[in-house]
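Residue-level structure breakdown
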Amino acid sequence: MQVVYSPAHLGHDITVETFMGMPIPANEVAERAEKIRWALEADGGFPFAAPTDHGEAPITAVHDPGLVRFLEVAWSEVRRQGLVRPFLSADTYPNRQMFEGMTPEAVSRLAREPEQAAGRAGFWGLDTAAPLVAGTYSAARAAVDVALTTVDLVLGGATSAYGLCRPPGHHAARSMYGGYCFFNNAAIAAEAIVRATGERVAILDVDYHHGNGTQQIFWNRGDVRYVSIHADPDRAYPYFLGRADEVGEGAGAGENLNLPLRGGAANDDYLAAVDTALEAILAVTGSVIVVSLGFDTYGLDPIGDFALTTDVYHEVGRRVAATGRRLVVLQEGGYHRPSLGENARAWLRGAEGRAFDPLPAAGFGDHGVVAG
Ligand code: SP5
Ligand code: ZN
């Protein structure tokens, strides 16, 4: 299987995020993508390709141009304002209740994009865990090009291809970034496939978190079915979306399927949800599945609470490929760095119908593989 990778992600070199107001070591770091790259290169069965430039049009096909402009100029604004900070994060967010009782007209007049970077970050952002640095915009643009080049490979005839996207994308909504995500790589890919083929497209989101951004972008669309397996938002980020009763509206009514799981969910719980998800995907026409692939479902993940093992990723990849549909597999989250490479190798080899032989025991500690 071909892998699309760009070193531009290295410019999004964040080291700190904030969690409930406290600075903590960043989870979404450059080492993540490098671990996966090393493992796939060492495997030998994954030829690498560089992304090609697809321009801005596929991005504004799903995102507000204002979001693109903000992300493009945010860091130079920080510099222009003379702010001496390691990263840009919002000061104030426009909480809905700030405008309670005002007419929609008043709200749209008052709740507009401010001028200062700290306010603009709040206007466009969801949370303080997506710090923006000098190289963020270039990295986010490259991640979109990685996703679109992966689409090109599949529409060009490949059965499957893998885009090593970083930063990830599924929390980014039409007019909002957040959750370590800036542009929604999977949504941009799905939209490009719809436009190129005229077919319906399914998105299978197997990141630990609900892909609120992808759900929002396609909420009232009848041509993109979004199916997500994730931690119940009653206990996990993004807290405000991801429940089973969110099914879409209008032309999208019935096109959104959320499968929230309990804390401690294990391999068998997960595979049962995968079967339900794939049944929903196969219930409608289409020849391509976009997979939002996260490894934060892993038992040792520092921000997840599922109990999956490396073996199950091989089986999930196998089952998804067994649908017979072509796969555009795009990387989302996964924060236990020692296991990322092996988990990716297991998933992708499963999707190709190849056996997965874990690295020899000598590498056990380095690779953090928990036996199934
Ligand atoms: C793409 C993706 O996986 N984004 C995830 C964004 C999660 N942001 C919130 C992180 C909360 C960290 N919680 C730490 C809890 C430690 N027990
Ligand atoms: Zn996640």
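Every protein donor of the zinc ion (ligand 2) is accounted for by Asp-207 (OD), His-209 (ND1) and Asp-296 (OD), and the metal-donor separations fall at 1.9 to 2.1 Å. Each of the four donor atoms around the zinc ion (ligand 2) contributes to a set of angles spanning 98 to 137°, which defines the coordination as irregular. Expressed as a motif, the donor residue spacing for the zinc ion (ligand 2) is D-x1-H-x86-D. Of this pair, Asp-207 sits in the loop between β6 (201-205) and α8 (212-217) while Asp-296 is found in the loop between β9 (288-293) and α10 (310-321), placing the two residues 89 residues apart along the sequence.

Near ligand 1 there are 14 residues, and of these His-171, Gly-179, His-209, Asp-296 and Tyr-335 occur at the shortest range. Between ligand 1 and the protein, one listed contact pairs a nitrogen atom with a backbone N or O atom of Gly-179 at 3.0 Å. Contact distances for ligand 1 include 2.5 Å between an oxygen atom and a side-chain N or O atom of Tyr-335. Look at ligand 1: alone it shows 510 Å² of surface, and the protein chains cover 77% of it. If you map ligand 1 onto the pockets, it falls in the largest pocket. Residue composition of the shell around ligand 1, grouped by class: seven nonpolar, five polar and two charged.

Spatially, the eight strands line up as an open sheet ordered β4-β1-β5-β10-β9-β6-β7-β8, and their pairing is parallel. Each edge of the open sheet carries a strand with a single partner, namely β4 (48-49) and β8 (256-261). Bridge count between strand β5 (residues 160-163) and strand β10 (residues 326-331): four bridges; the pairing is parallel. What sits directly across from Ala-161, in β10, is Val-328. Packing against the sheet, helix α9 (residues 267-282) makes contact with β6, β7 (224-231), β8 and β9, and its axis sits at approximately 170° to β7.

Let us look at the layout of surface pockets. In this structure, the largest pocket encloses a volume near 1,600 Å³. Around the largest pocket, the lining comprises 49 residues; the ones closest to its centre are Leu-126, Asp-127, Tyr-237, Pro-238 and Phe-240. Those elements that place two or more of their residues in the lining of the largest pocket are β2 (16-19), α5 (117-124) and α8. When grouped by side-chain class, the residues that make up the lining of the largest pocket number 25 nonpolar, 16 polar and eight charged.

The next thing to look at is the side chain of Asp-296. Here Asp-296 sits buried without a salt bridge, and the closest side chain of opposite charge, Arg-32, lies 7.0 Å off (N-O distance). Separated by 2.9 Å, the side chain of Asp-296 and the backbone nitrogen of Tyr-208 make a polar contact. Of the polar contacts made by the side chain of Asp-296, one reaches the side chain of His-209; its length is 3.1 Å. With sequence-adjacent residues up to four places away left out, Asp-296 is seen in contact with Asp-207, Tyr-208, His-209, Asp-301, Gly-304, Gly-333, Gly-334 and Tyr-335.

This brings us to the packing of aromatic side chains. In this structure the tally under the stated criterion is ten aromatic pairs. For the ring pair Tyr-208 and Phe-306, a centre distance of 4.8 Å and an interplane angle of 70° mean the geometry is edge-to-face. Linking Tyr-208 in the loop between β6 and α8 with Phe-306 in the loop between β9 and α10, this pair joins segments that are 98 residues apart in sequence. No difference in accessibility class separates Tyr-208 from Phe-306, as the two residues are buried. Over the face of the ring belonging to Phe-46 we find Arg-354, whose NZ or CZ atom lies 5.1 Å from the ring centre.

All right, on to the environment of His-210 then. Positionally, His-210 belongs in the loop between β6 and α8. Relative accessible area serves as the criterion here: at 0%, His-210 is assigned to the buried category. Residues His-210 and Val-107, 103 residues apart in the sequence, show an inter-C-alpha distance of 28 Å. Engagement of the side chain of His-210 in a polar contact is seen with the side chain of Gln-215, the distance being 2.8 Å. There is a polar contact of 3.2 Å between the side chain of His-210 and the side chain of Asn-258.

Now for the pairing of β2. Of the pairings in the sheet, the one linking β2 to strand β3 (residues 22-25) comprises four bridges and is antiparallel in character. Counted as the bridge partner of Glu-17 is Ile-24 from β3.

The next thing to look at is a nonpolar patch on the surface. A contiguous nonpolar surface patch, about 340 Å² in accessible area, is contributed by Tyr-239, Phe-240 and Leu-241. Topologically, Leu-241 is positioned in the loop between β7 and β8.

This brings us to the state of the cysteines. Disulfides are covalent bonds that connect the sulfur atoms of two cysteines. Counted according to the given criterion, the structure contains zero disulfides. Left unpaired, Cys-165 is separated from the closest cysteine sulfur, that of Cys-181, by 10 Å. Judged by relative accessible area, which is 1%, Cys-165 ranks as buried. When its relative accessible area of 1% is taken as the criterion, Cys-181 is described as buried.

What counts and how
- Residues numbered from 1 in each chain as written.
- Chains lettered and ligands numbered in written order.
- Predicted model: local features only at pLDDT ≥ 70, side-chain atom pairs only at ≥ 80, totals over all residues.
- Heavy atoms only, no water.
- Donors = N, O, S within 2.8 Å, 3.2 Å for Na, K, Ca; no water.
- Tetrahedral: all angles 85-135°; square planar, octahedral: opposite > 155°, others 65-115°.
- Helix = DSSP H or I, 4+ residues; strand = E, 2+ residues; numbered from the N terminus.
- Near = heavy atom within 4 Å.
- Polar contact = N/O pair within 3.5 Å; in protein donor to acceptor, adjacent residues only side chain to side chain.
- Areas by Shrake-Rupley, 256 points an atom, 1.4 Å probe, with all protein chains shown as cover.
- 1 Å grid on protein atoms, 1.4 Å probe; cavity = no way out; pocket = protein on both sides within 12 Å on 5 of 7 lines; lining within 4 Å.
- Sits in = over half its atoms within 2 Å of the grid points.
- Nonpolar A, V, L, I, M, F, W, Y, C, P; charged D, E, K, R; others polar.
- Pairing = 2+ DSSP bridges.
- Contact = heavy atoms within 4.5 Å.
- Axes fitted to C-alpha atoms, helices over the stretch in contact; angles between N-to-C directions.
- Points joined across faces, edges and corners; volume = space filled by probe spheres on them.
- Buried < 20%, exposed > 50% of the residue type's maximum accessible area, 1.4 Å probe, protein only.
- Lys, Arg positive; Asp, Glu negative; His and termini not counted.
- Salt bridge = Lys/Arg side-chain N within 4 Å of Asp/Glu carboxyl O.
- Phe/Tyr/Trp six-rings, centres within 6.5 Å; stacked < 30°, edge-to-face > 60°.
- Lys NZ or Arg CZ within 6 Å of the ring centre and 35° of its normal.
- Patch = residues over 30% accessible without salt bridge, like charges linked within 9 Å, V, L, I, M, F, W, Y side chains within 5 Å.
- Disulfide = S-S within 2.5 Å.

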